[in-house]
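Next come the chains, spelled out residue by residue.
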Amino acid sequence: MTDKNLVPEAEVLEWDDCWRLLSEANVGRLSVIVDGHPDIFPVNFAVDNNTVVFRTGPGTKQWAMEDDAVVAMEADSVSAEFGIAWSVVVKGTAEDAGADGPRLDETRRALFPWQGVGQDQVFRIVPASVTGRRFDLSAPMSLQTPLNDAPRTGLE
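Here goes a summary of the coordinates provided. (Residues numbered from 1 in each chain as written. Predicted model: local features only at pLDDT ≥ 70, side-chain atom pairs only at ≥ 80, totals over all residues. Heavy atoms only, no water.)

## Some thoughts on the overall build of the chain
Note the threshold: Where helices and strands are cited, they refer to DSSP runs of H or I of at least four residues and of E of at least two residues respectively, numbered from the N terminus. Think of it in three bands: with a 1.4 Å probe and only protein chains considered, a residue is buried below 20% of the maximum accessible area for its type, exposed above 50%, and partly exposed in between. Contacts are assigned to residue pairs that have any heavy atoms within 4.5 Å of one another. Computed with a 1.4 Å probe, the accessible areas rest on the Shrake-Rupley method; for each residue, only the protein chains presented here act as cover.
Along the chain, the regular secondary structure elements total three helices and seven strands. Seen in sequence order, the chain has helices and strands lined up from the N terminus as β-α-β-β-β-α-β-β-α-β. In the chain, buried positions account for 37% of the 156 residues. In the chain, 70% of the contacts between residues at least 6 apart in sequence involve partners at least 24 apart. On the chain, roughly 9,700 Å² of surface is accessible, and the fraction owed to carbon and sulfur atoms is 52%.

## A look at the environment of Asp 67
For Asp 67, the location among the structural elements is in helix α2 (residues 60-67). Sequence separation of Asp 67 and Ile 33 is 34 residues, and the distance between their C-alpha atoms is 8.6 Å.

## Concerning α2
The condition is simple: Picture the helix axis, draw a direction to every C-beta atom, and the arc is the one those directions span.
Residues of α2 that are buried: Lys 61, Gln 62, Ala 64 and Met 65. Looking down the long axis of α2, one finds its buried residues gathered within 165 degrees of arc, a one-sided arrangement. Pointing more than 90 degrees away from the buried face of α2 are the exposed residues Trp 63, Glu 66 and Asp 67.

## Overview of the pattern of salt bridges
Using the following cut-off: We define a salt bridge as a contact between a side-chain nitrogen of Lys or Arg and a carboxyl oxygen of Asp or Glu at a distance within 4 Å.
Counted according to the given criterion, the structure contains five salt bridges. Between Glu 11 and Arg 134 there is a salt bridge, and its shortest N-O distance comes to 3.0 Å. Of this pair, Glu 11 sits in strand β1 (residues 11-12) while Arg 134 sits in strand β7 (residues 121-136); the two residues are 123 residues apart in sequence, bridging distant segments of the chain. The exposure class of Glu 11 is partly exposed, given its relative accessible area of 40%. The closest approach of N and O atoms between Glu 24 and Arg 20, which form a salt bridge, is 3.4 Å. Here Arg 20 and Glu 24 lie together in helix α1 (residues 15-24), a separation of four residues that amounts to about one turn. The class for Glu 24 is exposed, based on a relative accessible area of 57%.

## Topic: α1
The complete set of buried residues in α1 reads Cys 18, Trp 19, Leu 21 and Leu 22. Take α1 and look down its axis: the buried residues cluster within an arc of 165 degrees, on one side only. Across from the buried face of α1, at angles greater than 90 degrees, the exposed residues are Asp 16 and Glu 24.

In short, geometric facts, not functional conclusions.
Here's what the structure looks like:
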């Protein structure tokens, strides 16, 4: 039994809120099936017309998506300053983003590949579902470790 004043329930986000938060993020984790097992890769991405667009090149991610286009991508953020965190998951199919066009060219330029070169293939996740949660981290028992002392990944 949990006291909601000590450990508040996660807020389920509306569809529009999920897309707004995704549009403010630029790094997520892409899940694909590789040899029958899930694998996860960091990707930088952009939101384009309620789809997620990212670049990749020849390799495990691209080959996995060509074998089975069903994917999931998760992005999140934690704010020690505001005491909130959120997580959004997009599940759907990955497809080639198609021919070049002015809008896709603009999106492609915004997606600077971490490896610098060879990431010329642009994929689009067409969502079957978009779900999200927001968490209040200011409740007394929401974290056993103060947020500023918590281990972090990357350049958070």
